[in-house]
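# Report on the structure
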Amino acid sequence: MEDRTPQPTWRFSLPWGDLDVFADGRVPESLRSTAAVLARLEERFRPALLRFHRRPEGGAYAAVWPPDRPAPARVATGVARPDPRELEGVVLAEVRSLTCHVCAARFQAVYPDTGLPLFGGQLSAHRLVRGCPACGGGFATSRIQALALSPGELSPDRR
Ligand SMILES: [Zn+2]
């Protein structure tokens, strides 16, 4: 019998939960809208599910590798289980809509979650986009700040 649930490319086992990262284009239903936005960005932005042992339903995130650090090796078939040390510098982020307070341009923003264990403390490995790329308004006026921005509205059916 075929298992139709897409399998992660990497599964990282942490003391308090698992992080499943998807890199071959197929993602579970709960990650589809996140993956649609990330597909327009660099490869270091990957759809991911974070499951706490005590809350197993799993949260939809973008796992974001630092620009100067490659993602782990893949395996030909099945799920690779890299050493959790390969997560050094990786930040987990949510995709959310941001609107520029100056020009009202809308963006899908990859927005870091700084409240998570491990990942929340690794933001210094990243450079944030600060300010609105549409009008040039700085962060203080536009309130735009994110790991990455993608223009426009969320379109869940795009891959
Ligand atoms: Zn603007």
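Here is a short report on the structure shown in this document. Not measured: the values here are computed from a predicted model. All chains use their own residue numbering, which begins from 1 and follows the written sequence. Whole-chain, interface and lining totals are the exception, using all residues; otherwise, since this is a predicted model, local features are given only for residues with pLDDT of at least 70 and side-chain atom pairs are given and counted only at 80 or more. Each side-chain value is derived from all of the structure's non-hydrogen atoms; neither hydrogens nor water enter the calculation.

Moving on, we get to the layout of surface pockets. Reported here for the second largest pocket is a volume of approximately 170 Å³. Cavity means a closed set of points on a 1 Å grid over the protein atoms alone, one where a 1.4 Å probe fits but cannot get out, pocket means an open set with protein on both sides within 12 Å along at least 5 of 7 lines, and lining means a residue has an atom within 4 Å of a point. Considering the residues around the second largest pocket, the lining is formed by 13 residues, among which Gln7, Pro8, Thr9, Asp24 and Gly78 are closest to the centre. Side-chain classes follow a simple rule in which Ala, Val, Leu, Ile, Met, Phe, Trp, Tyr, Cys and Pro form the nonpolar group, Asp, Glu, Lys and Arg form the charged group, and the remainder, Gly included, forms the polar group. Considered class by class, the residues forming the lining of the second largest pocket number four nonpolar, five polar and four charged. Grid points are joined across faces, edges and corners, and a volume is the space filled by probe spheres set on the points.

This part is about the coordination of the zinc ion. Summarising the metal site, the zinc ion is bound by the protein donors Cys100 (SG), Cys103 (SG), Cys132 (SG) and Cys135 (SG), whose distances to it range over 2.3 to 2.4 Å. For the zinc ion, the four donor atoms in the first shell make angles of 105 to 113° at the metal, so the coordination geometry reads as tetrahedral. Only N, O and S atoms count as donors, using a 2.8 Å limit from the metal and a wider 3.2 Å limit for Na, K and Ca, and since water is excluded some coordination spheres may look unfilled. Sequence spacing among the residues donating to the zinc ion works out to C-x2-C-x28-C-x2-C. Look at Cys132 and you get buried, because its relative accessible area is 4%. The exposure class assigned to Cys135 is partly exposed, which follows from its relative accessible area of 36%. Every angle between 85 and 135 degrees makes a four-donor site tetrahedral, while opposite donors more than 155 degrees apart, with all other angles between 65 and 115, make a four-donor site square planar and a six-donor site octahedral; other sites are irregular. Each residue gets one of three labels from its accessible area relative to the maximum for its type: buried under 20%, exposed over 50%, partly exposed in between, using a 1.4 Å probe on protein chains only.

On to the environment of Trp65. Helix and strand labels come from DSSP, where a helix needs a run of H or I of at least four residues and a strand needs a run of E of at least two; each type is numbered from the N terminus. Mapping Trp65 onto the fold places it in the loop between β4 (55-64) and β5 (91-99). Sequence separation between Trp65 and Phe45 is 20 residues, and the spatial gap between their C-alpha atoms is 6.7 Å. Contact definition: two residues touch when any of their heavy atoms are within 4.5 Å. Filtering out sequence-adjacent residues up to four positions away, Trp65 remains in contact with Phe12, Val21, Arg44, Arg46, Pro70, Ala71, Pro72, Glu86, Leu87, Val90 and His126.

This next bit is on the packing of aromatic side chains. For this analysis, a ring pair means two rings from Phe, Tyr or Trp (six-membered ring only for Trp) whose centres lie within 6.5 Å, classed as stacked if their planes differ by under 30 degrees, edge-to-face if by over 60, and tilted for the remaining angles. With the rule as written, the count across this model stands at four aromatic pairs. Consider the rings of Trp16 and Phe119, whose centres lie 6.4 Å apart with planes at 90°: the pair is edge-to-face. With Trp16 in the loop between β1 (10-14) and β2 (17-21) and Phe119 in the loop between β6 (106-112) and β7 (129-130), this residue pair connects regions lying 103 residues apart in the sequence. Given a relative accessible area of 24%, Trp16 falls into the partly exposed group. We classify Phe119 as buried; its relative accessible area is 1%. Aromatic ring contacts, followed pair by pair, group Trp10, Phe12 and Trp65 into a single cluster. Charge-over-ring contacts are defined here by two conditions on Lys NZ or Arg CZ: a distance within 6 Å of the ring centre and an angle within 35 degrees of the ring normal. One Lys or Arg, Arg96, reaches over the ring of Tyr111 and ends 4.0 Å from the middle of that ring. Across the ring face of Phe139, the terminal group of Arg143 is positioned such that the distance to the ring centre comes to 4.7 Å.

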